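Examining the three-dimensional arrangement
So you can see what is in the structure, the chains are spelled out below.
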Amino acid sequence: MYNQFTLYKENLNSINSDSTIILCPSGCYLSSCDKTENFFLGAQDVSSSESGVITGNISAKQLSSLNVKYCIVGHSDIGDNDEIVKNKIVNLLKNNITPILCVSDSGKLSSLSKKKEDVLEKIGIVSSYVASEDFEKIILVYEPFWAVNNDIFLEVADISFIINSIKDNYSSNKVLYGGGININNISDILGIKMIDGVLLGRFGNDVDNFKDLL
């Protein structure tokens, strides 16, 4: 069936860019992206169980069979605790899928030093149970929960401080920013010296935004 997503995918495939593009569609569209050209396929979530009864969920092994190469973990919309995040990451790595780990701070009103402490603590928990050679494969995303699905935006200087703090501690990992990104701030965000890219939410729903971005 030709639908809006099919048109979106075709438009995305028409973009020529040296940048790495990872498309994370809803689960119902994953099978229609098993052969892609200009982008890698990612999933929005994965089951915390490797097998067994996972009604309504998709296992890492099943994602791998659909040619999924990346998967978002720890997004604030999902609300997973540390144990669930751990299980998801372990299962993804076991199936050669790169986790895109979202970490947040404790709140908009917390100090910048507290935000840094919160983020590094979350990342540190993951690094404590993943072998160093595997941990370096994980893409780290600073995505404050209070900026997701809102028109609230953290100052670029503050984003830069957090991104640089992550890079100072985990220099081998790719580090992205997500939350409140729009056409007015995307250039400034990508101008941050140590940033490797962005995780787009609503901004990425329009393929023309990709063209402007790239």
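Figured I'd write up the structure that's included with this text. (Residues numbered from 1 in each chain as written. Predicted model: local features only at pLDDT ≥ 70, side-chain atom pairs only at ≥ 80, totals over all residues. Heavy atoms only, no water.)

On to the nonpolar core, then. The biggest cluster of nonpolar side chains holds 52 residues, and the ones touching the most others in it are Leu 12, Leu 63, Ile 89, Leu 140, Ile 166 and Tyr 177. Counting residues in each nonpolar core, the second largest holds 9 residues, with Tyr 70, Ile 100, Cys 102 and Ile 139 among its members. (Core = buried A, V, L, I, M, F, W, Y, C linked by side-chain atoms within 4.5 Å. Buried < 20%, exposed > 50% of the residue type's maximum accessible area, 1.4 Å probe, protein only.)

Let us look at the side chain of Asp 118. Among the structural elements, Asp 118 can be located in helix α4 (residues 112-127). Excluding anything up to four places from it in sequence, Asp 118 contacts Ser 104, Asp 105 and Ser 106. (Helix = DSSP H or I, 4+ residues; strand = E, 2+ residues; numbered from the N terminus. Contact = heavy atoms within 4.5 Å.)

Let's shift gears to the packing of α4 against helix α6 (residues 156-169). For the pair α4 and α6, the least separation of the axes is 10 Å and the interaxial angle reads 35°. Handedness of the crossing formed by α4 with α6: right-handed. For the pair α4 and α6, contact is made by Leu 112, Lys 115, Lys 116, Val 119, Leu 120 and Ile 123 and by Asp 158, Phe 161, Ile 162, Ser 165, Ile 166 and Asn 169, respectively. Looking at side-chain class alone, the contact of α4 with α6 contains 7 nonpolar, 2 polar and 3 charged residues. (Axes fitted to C-alpha atoms, helices over the stretch in contact; angles between N-to-C directions. Left-handed = near helix turned anticlockwise from the far one by under 90°. Nonpolar A, V, L, I, M, F, W, Y, C, P; charged D, E, K, R; others polar.)

The subject of this paragraph is the packing of aromatic side chains. Any two aromatic rings considered together are summarised by their centre-to-centre distance and by the angle between their planes. The tally for this structure, following the rule as stated, stands at 5 aromatic pairs. One residue, Lys 86, lies across the ring of Tyr 129, its end atom 5.4 Å from the ring centre. (Phe/Tyr/Trp six-rings, centres within 6.5 Å; stacked < 30°, edge-to-face > 60°. Lys NZ or Arg CZ within 6 Å of the ring centre and 35° of its normal.)

This next bit is on the pairing of strand β6 (residues 175-178). Of the two faces of β6, the one holding Val 175 and Tyr 177 and the one holding Leu 176 and Gly 178 are both buried throughout. Note that strand β5 (residues 139-142) and β6 share 3 bridges and pair parallel. Considered in β6, the bridge of Val 141 is made with Leu 176. Between β5 and its parallel partner β6, the chain crosses via α6, and the hand of that crossover is right-handed. Two elements, β6 and strand β7 (residues 197-199), share 3 bridges in a ladder whose sense is parallel. Following the sheet pairing, Gly 178 is matched in β7 by Leu 199. (Pairing = 2+ DSSP bridges. Right-handed = clockwise from strand over helix to strand, strands pointing away.)

Here the focus is the sheet that holds β5. Spatial strand order, β1-β2-β3-β4-β5-β6-β7: 7 strands in an open sheet with parallel pairing. Strands at the two margins of the open sheet, each flanked by one partner only, are β1 (22-23) and β7. The strands touched by α4 are β4 (98-103) and β5; relative to β4, the strand with the most contacts, the crossing angle is about 150°.

The subject of this paragraph is the environment of Lys 115. The residue Lys 115 is located in helix α4 in this model. Residue Lys 115 is classed as buried on the basis of its relative accessible area of 4%. Put simply, Lys 115 and Asp 105 are 10 residues apart on the chain and 4.8 Å apart in space, counted from C-alpha to C-alpha. Excluding its chain neighbours within four sequence positions, the residues that come into contact with Lys 115 are Asp 105, Gly 107, Lys 108, Leu 109, Ser 110, Tyr 142, Trp 146, Leu 154 and Ile 162. Looking at Lys 115, its side chain comes within polar contact range of the main-chain oxygen of Gly 107, at 3.3 Å. (Polar contact = N/O pair within 3.5 Å; in protein donor to acceptor, adjacent residues only side chain to side chain.)

This part covers the pattern of salt bridges. Counted under the stated rule, the structure contains 7 salt bridges. The partner of Glu 50 in a salt bridge is Lys 94, with the nearest N and O atoms 3.3 Å apart. Taken together, the residues Glu 50 in the loop between β2 (40-43) and α2 (60-65) and Lys 94 in helix α3 (residues 82-94) connect sequence positions 44 residues apart. With its nearest N and O atoms 2.5 Å apart, the salt bridge here joins Asp 80 to Lys 88. According to the relative accessible area criterion, Asp 80 is partly exposed, its value standing at 22%. (Salt bridge = Lys/Arg side-chain N within 4 Å of Asp/Glu carboxyl O.)

One can find Lys 167 in helix α6. Apart from residues no more than four positions distant in its own chain, Lys 167 is found in contact with Asn 173, Lys 174, Val 175, Met 194 and Asp 196.

All right, on to α4 then. Relative to the 22 Å expected for 16 residues at 1.5 Å per residue, α4 spans 23 Å between its end C-alpha atoms, a close match to the ideal helical length. Packed against the buried residues of α4 are α3, β4, α5 (132-135), β5 and α6. (Expected span 1.5 Å × (residues − 1).)

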